[in-house]
2 protein chains.
Amino acid sequence: MNSNFEDNFVQQLSIDCVIFGYGEGQLKVLVSKLKLNGDFWVLPSGFILKSEGIDRAASRILKERTGLKDIYLDQYRAFGDLDRSNKDVLAEIQRLNPELFDGSSQQKNDLEWLANRFIAIGYYALVDINKVVPKLMSIDQSIDWYPVTSIPQLILDHNQQVQQALEALRMHLDDRLLGFNLLPEKFTMKALQELYEAVYDKPFRRNNFQKKILDLDVLERLEKQFTGASNKAPYLYRFKNYTQ
Amino acid sequence: MNSNFEDNFVQQLSIDCVIFGYGEGQLKVLVSKLKLNGDFWVLPSGFILKSEGIDRAASRILKERTGLKDIYLDQYRAFGDLDRSNKDVLAEIQRLNPELFDGSSQQKNDLEWLANRFIAIGYYALVDINKVVPKLMSIDQSIDWYPVTSIPQLILDHNQQVQQALEALRMHLDDRLLGFNLLPEKFTMKALQELYEAVYDKPFRRNNFQKKILDLDVLERLEKQFTGASNKAPYLYRFKNYTQ
């Protein structure tokens, strides 16, 4: 908390990010635990510099946390209930970490600024989990991937944000062909189906799924994935518009 | 401009509303012309009271403009480019309406508040155009319905907002069964098809359309609409979940 929040950032607005990755057959979300006494779990978030647009702010915050540029990012909803204030969270943080609150007048100003009611602009991002090395910021004790089905209790409405981002992802998985952002460049049909099953939390029938996907005509069939039992080796596919 | 903006409202945030209605076979949007010298056309907009959530703010603003409560309303996107400032608009208003700008210090404060960079939270609403009597606010010279295909040049990014709201409406017309919000309680299949054609700006084939809609199993078939030529009278339908 060294920066001067009031001078640098748009007031009462935050960017909150639900960063989805896919690994071990599970859809996962990047969650940070704050370096504080007490259990304070949060979505990667940040504020909007007075000198940047909101989309650029979201890209900057994502790059800070994932090291990745040019990742798929979509704004899906703003969260602005009247009770969206950090005040109670900050009071609890102060109770458990009193030593943080006897600092400079600058720090006091920043804490007062943070205690305001905030309206959050929600973005979700889709990343290839193998390319990301989540980055600890000075406020983080840890930052890790959690299966979307077992996210810890987060502050404020962050758990609700994960659910709404998941709904947005489900809605657009097909019409915007989002799934490929969560996979490595080359993948088998089975891996793609397992991704869909993880996102929608339900099984798909193999033949139907394969037909539906191939009918979209967006996949390029590549070499077989040789695993030893060559007569059973499945084909690898690549998204035709793959750009990363 | 009698209220004290700074004391009453969340700073740098507005609620901008694309209010869709359907009449004379056309999808229309409610647009206001400001009571000023010069052509300043705007979407119905307002600010967020410090004492209300953003959804409630949007409902309040819509009720002020349409007189309707409980209308279909959805938040679809926030607009926050760096250059979203009212400064240039206000300068042009001042050039053409200098008499407005020699007022009280309170008015000067409000104008300064308004000249900030604003982030707009975009909502779209769907109304039965026959139930709405658009209301003039003190700042309006006129408020009228314009076909979505011939909206005047609006201030800031308001034209872009109409396009994005239209995209959101198209995306959800089916999956959320939104169309019925734009029709009176009872309608013919032909009227429903014409609504779809107006929203998507393309023709549908009559038999396919009727089958698709009936397969959704959301319509209740009512009496025939008698028009004189009784042997050709079409059936009227009602949305099963009709609640207004």
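About the thresholds
- Residues numbered from 1 in each chain as written.
- Chains lettered and ligands numbered in written order.
- Predicted model: local features only at pLDDT ≥ 70, side-chain atom pairs only at ≥ 80, totals over all residues.
- Heavy atoms only, no water.
- Least-squares fit on C-alpha atoms with pLDDT ≥ 70 in both.
- Contact = heavy atoms within 4.5 Å.
- pLDDT = per-residue confidence, 0-100.
- Helix = DSSP H or I, 4+ residues; strand = E, 2+ residues; numbered from the N terminus.
- Buried area = accessible area lost by both parts, 1.4 Å probe.
- Salt bridge = Lys/Arg side-chain N within 4 Å of Asp/Glu carboxyl O.
- Polar contact = N/O pair within 3.5 Å; in protein donor to acceptor, adjacent residues only side chain to side chain.
- Nonpolar A, V, L, I, M, F, W, Y, C, P; charged D, E, K, R; others polar.
- Pairing = 2+ DSSP bridges.
- Axes fitted to C-alpha atoms, helices over the stretch in contact; angles between N-to-C directions.
- Parallel < 35°, antiparallel > 145°, perpendicular 65-115°, else oblique.
- Buried < 20%, exposed > 50% of the residue type's maximum accessible area, 1.4 Å probe, protein only.

**Looking at the relation of the copies chain B and chain A**
Expressed as a screw operation, the relation of chain B to chain A combines 0.0 Å of axial shift with a rotation of 180 degrees, fitting to an RMSD of 0.0 Å. These values place the two chain copies in the arrangement generated by a two-fold rotation axis. No C-alpha of chain B lies nearer the rotation axis than that of Arg77 of chain B, which sits 3.2 Å from it. Here 100% of the contact residues of chain B are again contact residues in chain A; the copies associate through an equivalent surface.

**Focus on the confidence of the model for chain A**
Residues and elements named next belong to chain A. Looking at chain A, the pLDDT average stands at 91 and 96% of residues meet or exceed 70. Here helix α4 (residues 105–114) is the element of chain A with the lowest mean pLDDT, 87, and strand β6 (residues 119–126) is the one with the highest, 97. Across the predicted assembly, pTM comes out at 0.90 and ipTM at 0.87.

**Things to note about the interface of chain B and chain A**
A common way to express how large an interface is: the accessible area buried when the components associate. Listed per partner, the contact involves 27 residues of chain B and 27 residues of chain A. When chain B packs against chain A, the two sides together hide about 1,900 Å² of surface, and 52% of this comes from carbon and sulfur. Counting across the interface, chain B meets chain A through zero salt bridges. The interface formed by chain B and chain A contains ten residue pairs in polar contact (both at pLDDT 80 or more). Contributions of two or more residues to the side of chain B that touches chain A are made by β1 (9–23), β4 (45–49), α2 (54–66), β5 (72–79), β6 (119–126) and α5 (158–172) of chain B. Per-element accounting of the side of chain B that touches chain A gives the leading share, five residues, to β5 of chain B. Class assignment of the residues belonging to the side of chain B that touches chain A gives a composition of eleven nonpolar, seven polar and nine charged.

**Notes on the sheet that holds strand β10 (residues 235–239) of chain B**
Residues and elements named next belong to chain B. Spatial strand order, β8-β10-β9: three strands in an open sheet with antiparallel pairing. On the outer flanks of this sheet lie β8 (186–188) and β9 (219–224), each paired with one strand and no other. Each strand of the sheet is rotated relative to its neighbour by a mean of 40 degrees, with strand direction disregarded. The pairing of β9 with β10 spans four bridges and is antiparallel. Bridge pairing in β10 links Lys224 to Tyr235. Here helix α6 (residues 189–200) sits on the sheet in contact with β8, β9 and β10, set at roughly 85 degrees to β8.

**Describing the packing of α6 of chain B against helix α7 (residues 206–215) of chain B**
Helix-helix packing: each pair is described by the crossing angle between the helix axes and the interaxial distance. Residues and elements named next belong to chain B. The contact between α6 and α7 brings their axes to 11 Å, and the two run at 100 degrees. Classified by the interaxial angle, the pair formed by α6 and α7 is roughly perpendicular. Counting all contacts with α6, which are made through Met189, Leu192, Gln193 and Tyr196, the residues of α7 involved are Arg206, Phe209, Gln210, Lys212, Ile213 and Leu214. Grouping the constituent residues of the contact of α6 with α7 by class yields six nonpolar, two polar and two charged.

**Some points on the pattern of salt bridges**
In total, this model carries 30 salt bridges over all chains according to the counting rule given. Two residues, Arg238 of chain A and Glu220 of chain A, come together in a salt bridge whose shortest N-O distance is 3.4 Å. Here Arg238 of chain A is found in strand β10 (residues 235–239), whereas its partner Glu220 of chain A is found in strand β9 (residues 219–224), with 18 residues between them in sequence. Residue Glu220 of chain A is classed as partly exposed on the basis of its relative accessible area, which comes to 31%. A salt bridge links Glu194 of chain B to Lys190 of chain B; the shortest N-O distance between them is 3.3 Å. Of this pair, Glu194 of chain B and Lys190 of chain B both sit in helix α6, four residues apart, roughly one helical turn. When its relative accessible area of 33% is taken as the criterion, Glu194 of chain B is described as partly exposed. Each member of the salt-bridge network shares a partner with another, and the members are Asp16, Arg84 and Asp157 of chain A.

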